[in-house]
Amino acid sequence: MELNEGADIWDDLLEIWSVMQASIQEGLAASGELPGGLHIERKAKSIHDHILVNKHPEIIECQRVCSYAYAVSEQNADNGVIVTAPTCGSCGVLPAVLYYFKDKRGLSDMDVAHALGVAGLFGELAKRNASVSGAECGCQAEIGVACAMAAAALGQLFGYSIKRIEYAAEVALEHHLGLTCDPICGLVQIPCIERNAVAAMRAINSANLAYFLADTRRISYDMVIKTMYETGIHLNRGYRETSEGGLAKLYSRRG
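All residue numbers refer to positions counted from 1 along the written sequence of the respective chain. Owing to the predicted nature of the model, reporting of local features is limited to residues with pLDDT of at least 70; listing and counting of side-chain atom pairs is limited to 80 or more, with chain, interface and lining totals taken over all residues. Heavy atoms from the whole structure form the basis of all side-chain values; hydrogens and water molecules are not counted.

Draft legend 1. Main features of the pattern of salt bridges. When a carboxyl oxygen of Asp or Glu is within 4 Å of a side-chain nitrogen of Lys or Arg, the pair counts as a salt bridge. Under the defined criterion, the tally for this structure stands at eight salt bridges. Ionic pairing is found between Lys-45 and Asp-49, a salt bridge with its closest N-O pair at 2.8 Å. Of this pair, Lys-45 and Asp-49 both sit in helix 3 (residues 44-49), four residues apart, roughly one helical turn. Put simply, Glu-244 and Arg-237 hold a salt bridge, and the shortest N to O gap is 2.5 Å. The helix count covers DSSP runs of H or I at least four residues long, the strand count covers runs of E at least two residues long, and both are numbered beginning at the N terminus.

Written as structure tokens, this is what we have:
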């Protein structure tokens, strides 16, 4: 990254990380109803405030990571300042996992900047060779790529080899193939906010899986990117951010 982008790249990424952290902190402090008419209450603060430290560690991890993902996604839905990673609708995945593991492992901001650099590389590969647009390829191109970026970033934080990092990203994207984009009423709220939390947890699982299965892989990240694009352009138009199919269509007919 530094050879291609120059040493100033780390200052840029540290600034991005600062905005991501602020989005989480502001989102965790906010409450009330999100704009748009769906009458959705913010959930990040409630999830975070009700963490029971005497419960199972995996439940606590899930609550923390999901509260961070909700926080950023709710800031996006409420016109707050966020970082597209790679899009507004998928902005909560990457910061959530980075924020959690920075605290859990006592990492420095520069450690996180290095992880962001890796995440950006995998996001750029998807953007250049396929798409990160829900309107073009469905939500697989947004939340799927965000999950791949987060998994790759975790691989960097965990000290993985390049081979393991690529495998983590491949697993994360592969298992989002075919994911539709059908936001209710055209708002980036249902199912988008919850989907960020689910993808954040999946990124962690993908990185963990890569640790012990990287030597067995048969599929490359490049292959999954190509598959994602071909899948996306063949998706029915109603499932590509038009709000004309799926949940959006059924929700309008409820009751």
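Draft legend 2. Representation of a nonpolar patch on the surface. A patch consists of residues exposed above 30% relative accessible area that lack any salt bridge, with like charges linked at up to 9 Å and nonpolar side chains (Val, Leu, Ile, Met, Phe, Trp, Tyr) linked at up to 5 Å. Per-residue and other accessible areas follow the Shrake-Rupley method at a 1.4 Å probe size, with only the shown protein chains counted as cover for residues. A cluster of nonpolar side chains, contributed by Leu-209, Tyr-211 and Phe-212, occupies part of the molecular surface with about 330 Å² of accessible area. With respect to the helices and strands, Phe-212 occurs in helix 10 (residues 192-213).

Draft legend 3. Summary view of the packing of aromatic side chains. Within 6.5 Å between ring centres, the rings of Phe, Tyr and Trp (the latter by its six-membered ring) count as paired, and their orientation is classed by plane angle as stacked under 30 degrees, edge-to-face over 60, tilted in between. Counting across every chain of the model gives seven aromatic pairs. Where Phe-158 meets Tyr-160, the ring centres are 5.7 Å apart and the plane angle is 65°; that geometry is what we call edge-to-face. With respect to class, Phe-158 is no different from Tyr-160; both count as buried. The buried label applies to any residue whose accessible area, calculated with a 1.4 Å probe on protein chains only, is under 20% of its type's maximum; exposed applies above 50%, and partly exposed to all values in between. Assessed through its relative accessible area of 13%, Tyr-160 is described here as buried. The rings of Tyr-100, Phe-101, Phe-158, Tyr-160 and Tyr-211 are connected pair by pair, giving a single aromatic cluster.

Draft legend 4. Geometry of unusual backbone geometry. In this structure, Pro-86 follows Ala-85 across a cis peptide bond, with omega equal to 5°. Take Pro-86: it is sitting in the loop between helix 4 (57-77) and helix 5 (93-105). In the segment running from Ile-190 into Pro-191, the intervening peptide bond is cis, with an omega of 5°. Position of Pro-191 among the secondary structure elements: in the loop between helix 9 (162-174) and helix 10. The phi dihedral of Asn-79 falls on the positive side, at around 65°, and the residue is not glycine. Among the structural elements, Asn-79 can be located in the loop between helix 4 and helix 5. Non-glycine residue Ser-243 carries a positive phi angle of around 60°. Here Ser-243 shows up in the loop between helix 11 (221-233) and helix 12 (246-251).

Draft legend 5. Inspection of the side chain of Arg-195 at higher detail. In this fold, Arg-195 is placed in helix 10. For Arg-195, which is buried and forms no salt bridge, the nearest opposite charge comes from Asp-182, at a distance of 4.7 Å. The residues touching Arg-195, leaving out its near neighbours within four places in the chain, are Cys-139, Ile-143, Leu-179 and Thr-180. Positive: Lys, Arg. Negative: Asp, Glu. His and the chain ends are not part of the count. Every residue pair with non-hydrogen atoms within 4.5 Å of one another is taken to be in contact.

Draft legend 6. The arrangement of the environment of Ala-126 in detail. By secondary structure assignment, the location of Ala-126 is in helix 6 (residues 109-129). Expressed as a C-alpha distance, the spacing of Ala-126 and Tyr-221, which sit 95 residues apart in the sequence, is 9.2 Å.

Draft legend 7. Looking closely at the packing of helix 6 against helix 8 (residues 143-157). The axes used here are C-alpha line fits, helices contributing only the stretch in contact, and every angle between their N-to-C directions lies in the interval 0 to 180 degrees. Interhelical geometry of helix 6 versus helix 8 gives an angle of 145° and a closest axis separation of 8 Å. Handedness of the helix 6/helix 8 crossing: right-handed. Counted together, Asp-111, Val-112, His-114, Ala-115, Val-118, Ala-119, Gly-120, Phe-122, Gly-123 and Ala-126 of helix 6 and Val-145, Met-149, Ala-152, Ala-153, Gln-156 and Leu-157 of helix 8 form the full contact between these two elements. Residues are sorted three ways: Asp, Glu, Lys and Arg are charged, Ala, Val, Leu, Ile, Met, Phe, Trp, Tyr, Cys and Pro are nonpolar, and all the rest, Gly among them, are polar. Across the contact of helix 6 with helix 8, the residue classes tally to eleven nonpolar, four polar and one charged. Note on convention: the crossing is left-handed when the near helix lies turned anticlockwise from the far helix by less than a right angle, right-handed when the turn is clockwise.

Nothing here speaks to function; it is all geometry.
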